[in-house]
Amino acid sequence: MSRAQDANRISRFIPTEIRPHIWVRVLPALENIIYGANLSNILSANKNAFLDILAWFPYGILHFSGPIITSTVLFIFGAPGTISVFSHSFGYMNLIGVTIQLIFPCAPPWYQNLHGFSPANYSMPGSPAGLARIDHLLGINVYSSSFTAAPLVFGAMPSLHSGIATIEALFLSQVFPRARWFFYAYTAWMWWATLYLQHHYAVDLVAGSLLAAAVFYVAKINFLPRCQADKESRWDYDFVEIGNSYSYDPTYTLHDFDGDYHSEDDEWTSASSSSVSSGCRTPVDDAARFWESANESSAAMEATDRV
């Protein structure tokens, strides 16, 4: 079976009569209108083995291992519940991105280099583009075979390589705010690699990052546990505060571990819950003690006046 036939076999899951038109000229036109040139072609004009490896590492390695690394770091150092919010945000972002790609299929930069502006169809195979040089350099056939038989050949807009790198950077920046520029630099590295390897236009990268940012800020405002500056790991937390509001509201912002977070916490969670209920200080305890002290002082002053 040829690669074109294989790609057609995979795309059979979308009925022919409802397959959207594949847009070949839209993204290059947007690229020229916004940036005045095709940035992917400019960045990939000068190729060498060093730049190939430098682009391959984020695009072909960290893109796939990054979610695992990010999840591990968030589980250890984030407030309890952070990993759950990250996983849901990650899933919804990818679901929205793939839905847009299916509804609005667009040709990536490598298509223009191979076929110009000729009409595309769903029987065409994908291309590893710049990653083919990595296969040649390492003597393997991993990327050529996988990208040629990709089930979604024309999923250029939005770039989920960009979206995943951005949402990872935003969540990690929430836990490590002082290192945020390091995480943003990783996203910029992914942007460059994606353009250099000719898998996406710059407008795709912007769209992917905007999608990731929108999902993150919805999660941050409504669901994400706030990190506490004096806590080094999840095991140091006595309670978690949810959302972006800093006014105390026990029905919304404050959750002890008798609530929704048991599903992802370990044995420490139960022990922490009992310790909180048996005497650990909370904002409620502090407020009660303050008013009790104030009442005692007032009573003492009244007694002195009567004497």
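Residues numbered from 1 in each chain as written. Predicted model: local features only at pLDDT ≥ 70, side-chain atom pairs only at ≥ 80, totals over all residues. Heavy atoms only, no water.

Going by the annotation in an unreviewed UniProt entry, the name recorded for the chain is Phosphatidylinositol:ceramide phosphoinositol transferase (IPC synthase), with Discina gigas given as the source organism. For the record of the chain, the UniProt heading Subcellular location (unreviewed entry) holds the text "Membrane". (UniProt positions renumbered as here; feature names shortened; annotations may be inferred.)

(A) Inspection of the side chain of Ser 173 at higher detail. Mapped onto the elements of the fold, Ser 173 is located in helix H9 (residues 160-175). Exposure remark for Ser 173: the relative accessible area of 9% places this residue in the buried category. A polar side-chain atom of Ser 173 sits 2.7 Å from the main-chain carbonyl oxygen of Ala 169. (Helix = DSSP H or I, 4+ residues; strand = E, 2+ residues; numbered from the N terminus. Buried < 20%, exposed > 50% of the residue type's maximum accessible area, 1.4 Å probe, protein only. Polar contact = N/O pair within 3.5 Å; in protein donor to acceptor, adjacent residues only side chain to side chain.)

(B) Fine view of the environment of Ser 89. Note on placement: Ser 89 falls in helix H5 (residues 82-103). In the structure, Ser 89 is positioned 130 residues away from Ala 219 in sequence and 6.9 Å away in space, judged by C-alpha atoms. Look past the residues within four positions of Ser 89 in its chain and what remains in contact with it is Ile 167, Phe 171, Val 215 and Ala 219. (Contact = heavy atoms within 4.5 Å.)

(C) Representation of the packing of aromatic side chains in the model. All chains considered together, the criterion is met by 14 aromatic pairs. Here Phe 75 and Trp 235 contribute two aromatic rings whose centre-to-centre distance is 6.2 Å and whose plane-to-plane angle is 85°, an arrangement assigned as edge-to-face. In this pair, Phe 75 is assigned in helix H4 (residues 49-77) and Trp 235 in the loop between helix H11 (202-222) and strand E1 (240-241), connecting sequence segments 160 residues apart. By relative accessible area, which is 35% here, Trp 235 ends up partly exposed. A ring pair is formed by Tyr 111 and Phe 154, whose centres lie 5.9 Å apart and whose planes are at 75°; its orientation type is edge-to-face. Placement of the pair is Tyr 111 in helix H6 (residues 109-115) and Phe 154 in the loop between helix H8 (142-148) and H9, with a sequence separation of 43 residues. Of the two residues, Tyr 111 and Phe 154, neither departs from the other in class, the shared state being buried. Within the aromatic cluster, the residues linked to one another by ring pairs are Phe 86, Phe 90, Phe 171, Phe 216 and Tyr 217. A cation over an aromatic ring shows up here: Arg 234 above the ring of Phe 75, its NZ or CZ 4.2 Å from the ring centre. (Phe/Tyr/Trp six-rings, centres within 6.5 Å; stacked < 30°, edge-to-face > 60°. Lys NZ or Arg CZ within 6 Å of the ring centre and 35° of its normal.)

(D) Spatial organisation of a nonpolar patch on the surface. On the surface, a cluster of nonpolar side chains totalling about 380 Å² of accessible area is made up of Ile 53, Leu 137, Leu 138, Ile 140 and Val 142. Tracing the chain through its elements places Leu 138 in helix H7 (residues 131-138). On the basis of relative accessible area, Leu 138 is assigned to the partly exposed category, the value being 41%. (Patch = residues over 30% accessible without salt bridge, like charges linked within 9 Å, V, L, I, M, F, W, Y side chains within 5 Å. Areas by Shrake-Rupley, 256 points an atom, 1.4 Å probe, with all protein chains shown as cover. Salt bridge = Lys/Arg side-chain N within 4 Å of Asp/Glu carboxyl O.)

(E) Seen up close, the packing of H4 against H9. Between H4 and H9, the shortest axis-to-axis distance is 10 Å and the interhelical angle comes to 25°. In this view, H4 runs roughly parallel relative to H9, as classed from their interaxial angle. Taken as a pair, H4 and H9 cross one another with a handedness that is left-handed. On the side of H4, the interface is formed by Tyr 59, His 63, Gly 66, Pro 67, Thr 70, Val 73, Leu 74 and Phe 77, while H9 contributes Leu 160, His 161, Ile 164, Glu 168, Phe 171, Leu 172 and Val 175. Considered class by class, the residues forming the contact of H4 with H9 number ten nonpolar, four polar and one charged. (Axes fitted to C-alpha atoms, helices over the stretch in contact; angles between N-to-C directions. Parallel < 35°, antiparallel > 145°, perpendicular 65-115°, else oblique. Left-handed = near helix turned anticlockwise from the far one by under 90°. Nonpolar A, V, L, I, M, F, W, Y, C, P; charged D, E, K, R; others polar.)

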